[in-house]
Amino acid sequence: MILGMLSSAFHAVLEVLFPKCCPACGGKLVADEQIICADCLASIPRTEHAILEQNGIDLLFQGLIQKEKCTVRYERGASFAYYNKERGMHFRTMIERGKFGNHPDPQIFYFLGSLAAQEYIDSDIFDEVDCLVPVPLHPRRLRQRGFNQAEYICKGLSDVLHIPIDTEHLVRTRNNPHQSRSEFAQRKDNVKDLFAIRYPEEWKNKHILLVDDVITSGSTMMACMKKTTPIRGCRISVFSLGWAHK
Ligand SMILES: [Zn+2]
């Protein structure tokens, strides 16, 4: 009992000395706020993709599939929020602080994944999905950061939706350091053989939901999707927290 009191007093002192701060605005978190403050949560520029018949992510991938004349069995896609300065600086900051900064924090991605799942739970975005598949990071990047943000988004989604996570089949085959500086055409080339699927027969007749933190040109997701084309009956949907669309 005395130990318990000492421990809670110690934690109270720690909270005064080192208050938890919101990674987006830097403000102190109050008692019932977790990870991100209530104002920043409210300001996330949601896309409302869950309630749209056809959304921008569907149009993007349907366009790319048509343009590249590939036979991906694309089902549907969605992004939770717009990822650009004009629509919401704080959301962008959350993602960037989670990945980069002095202390990359996987819990930001877990939190946002579970938030997205709670808000989309009544939509059909996740219907009949067999497994959640995070877009893999190259092992070198994984070692630097210590975690794959897409995997933490999947954990957040999975805890709410009870859909299993599959990190075994889709693997990254080489690093791609200049991707963020490339133009679209180069990007497409850069990511062409970036991924591989191990034991592809195990994805036969499965509905896979590919998950990443941000969709920009769509080329990374497309590179993953294309690897599924030889697998009989394999269907693909996509989900991201952010969509870098003006
Ligand atoms: Zn905040």
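Here, every reference points to the structure presented above.
Now for a look at the structure at hand. (Residues numbered from 1 in each chain as written. Predicted model: local features only at pLDDT ≥ 70, side-chain atom pairs only at ≥ 80, totals over all residues. Heavy atoms only, no water.)

For helix H3 (residues 56-67), which comprises 12 residues, the first-to-last C-alpha distance of 16 Å matches the rise-based estimate of 16 Å (1.5 Å per residue) to within 8%. Taken residue by residue, H3 has Ile-57, Asp-58, Phe-61, Leu-64 and Ile-65 as its buried positions. Seen along its axis, H3 keeps its buried residues to an arc of 140°; they face one direction. Along H3, exposed side chains directed more than 90 degrees from the buried face belong to Gln-66 and Lys-67. One side-chain oxygen at the N-terminal end of H3 lies 2.8 Å from the backbone nitrogen of Ile-57; it belongs to Asn-55. A positive backbone phi angle near 50° is found at Lys-69, which sits one or two residues after H3. (Helix = DSSP H or I, 4+ residues; strand = E, 2+ residues; numbered from the N terminus. Expected span 1.5 Å × (residues − 1). Buried < 20%, exposed > 50% of the residue type's maximum accessible area, 1.4 Å probe, protein only. Arc of directions from axis to C-beta. Polar contact = N/O pair within 3.5 Å; in protein donor to acceptor, adjacent residues only side chain to side chain.)

Binding of the zinc ion to the protein goes through Cys-22 (SG), Cys-25 (SG), Cys-37 (SG) and Cys-40 (SG), at separations of 2.3 Å. Bound by 4 donor atoms, the zinc ion shows angles of 103 to 114° at the metal and therefore tetrahedral coordination geometry. If you list the donors of the zinc ion from N- to C-terminus, the spacing comes out as C-x2-C-x11-C-x2-C. Taken together, the residues Cys-22 in the loop between helix H1 (2-17) and helix H2 (38-42) and Cys-37 in the loop between H1 and H2 connect sequence positions 15 residues apart. (Donors = N, O, S within 2.8 Å, 3.2 Å for Na, K, Ca; no water. Tetrahedral: all angles 85-135°; square planar, octahedral: opposite > 155°, others 65-115°.)

This brings us to the nonpolar core. Residues Ile-44, Phe-91, Leu-112, Phe-126, Leu-157 and Phe-239 are the most contacted members of the largest nonpolar core, which totals 40 residues. The set of elements that each furnish at least two residues to this core consists of H2, strand E1 (73-82), helix H4 (89-99), helix H5 (106-120), helix H7 (149-161), strand E5 (207-215) and strand E6 (235-243). Counting residues per element, this core draws most heavily on H5, at 8 residues. When residues no more than four places from it in sequence are discounted, the contact partners of Leu-112 are Ile-36, Ile-44, Phe-91, Met-94, Ile-95 and Leu-241. Among the nonpolar cores identified, the runner-up in size contains 29 residues, and Cys-131, Leu-194, Cys-224 and Trp-243 belong to it. (Core = buried A, V, L, I, M, F, W, Y, C linked by side-chain atoms within 4.5 Å. Contact = heavy atoms within 4.5 Å.)

Time to look at the environment of Arg-73. Considering the arrangement of structural elements, one finds Arg-73 in strand E1. Note on Arg-73: relative accessible area 32%, which makes it partly exposed. Arg-73 sits 155 residues away from Thr-228 along the chain, and the two C-alpha atoms are 8.6 Å apart. Excluding its chain neighbours within four sequence positions, the residues that come into contact with Arg-73 are Thr-228, Thr-229, Ile-231, Gly-233, Cys-234, Arg-235 and Ile-236. Within the structure, the side chain of Arg-73 is placed 3.3 Å from the backbone oxygen of Cys-234, a separation counted as a polar contact.

Read from one edge to the other, the open sheet built from 4 strands follows the order E1-E6-E5-E2, with strand pairing classed as parallel. Two strands lie at the open edges of the sheet, namely E1 and strand E2 (131-134), each paired on one side alone. Ignoring strand direction, the axes of neighbouring strands in this sheet form an average angle of 25°. Note: E5 against E6, 8 bridges, orientation parallel. Paired with Ile-208 across the two strands is Ile-236, which belongs to E6. Relative to the sheet, H5 contacts E1, E5 and E6, its axis offset from that of E1 by approximately 110°. (Pairing = 2+ DSSP bridges. Axes fitted to C-alpha atoms, helices over the stretch in contact; angles between N-to-C directions.)

Taken together, the side chains of Glu-53, Asp-124, Asp-127, Glu-128 and Asp-130 present a region of like negative charge at the surface. With respect to the helices, strands and loops of the structure, Asp-127 is situated in the loop between H5 and E2. (Patch = residues over 30% accessible without salt bridge, like charges linked within 9 Å, V, L, I, M, F, W, Y side chains within 5 Å. Areas by Shrake-Rupley, 256 points an atom, 1.4 Å probe, with all protein chains shown as cover. Salt bridge = Lys/Arg side-chain N within 4 Å of Asp/Glu carboxyl O. Lys, Arg positive; Asp, Glu negative; His and termini not counted. Charge placed at Lys NZ, Arg CZ, Asp CG, Glu CD.)

Counted according to the given criterion, the structure contains 7 salt bridges. Between Arg-46 and Glu-119 there is a salt bridge; the shortest N-O distance is 2.8 Å. A residue pair is termed long-range when its members are at least 10 positions apart, and Arg-46 in the loop between H2 and H3 and Glu-119 in helix H5 qualify at 73 residues. Residue classification places Arg-46 among the partly exposed positions, given a relative accessible area of 23%. Between Lys-227 and Asp-193 there is a salt bridge, with its nearest N and O atoms 3.3 Å apart. In this pair, Lys-227 sits in the loop between helix H9 (219-226) and E6 while Asp-193 sits in the loop between helix H8 (184-190) and strand E4 (195-197), placing the two residues 34 residues apart along the sequence. Of the residues examined, Lys-227 reaches a relative accessible area of 26% and is grouped as partly exposed. What makes Asp-193 partly exposed here is its relative accessible area of 41%.

Next up on the list: the packing of aromatic side chains. Aromatic ring pairs are reported here in terms of the distance separating the ring centres and the angle at which the planes meet. All chains considered together, the criterion is met by 7 aromatic pairs. Considering the side-chain rings of Tyr-82 and Trp-243, the 5.9 Å spacing of their centres and the 25° angle between planes classify their relative orientation as stacked. With Tyr-82 in strand E1 and Trp-243 in strand E6, this residue pair connects regions lying 161 residues apart in the sequence. When sorted by exposure, Tyr-82 lands in the same class as Trp-243, which is buried. Measuring from centroid to centroid gives 6.4 Å for Phe-109 and Phe-147, while their planes differ by 45°, and the two rings are tilted. Residue Phe-109 is found in helix H5, and its partner Phe-147 is found in the loop between helix H6 (139-145) and H7; the two are separated by 38 residues along the sequence. Comparing Phe-109 with Phe-147, the two get one shared label, buried. Between Arg-87 and the ring centre of Tyr-82, over which it is positioned, the NZ or CZ distance is 3.7 Å. (Phe/Tyr/Trp six-rings, centres within 6.5 Å; stacked < 30°, edge-to-face > 60°. Lys NZ or Arg CZ within 6 Å of the ring centre and 35° of its normal.)

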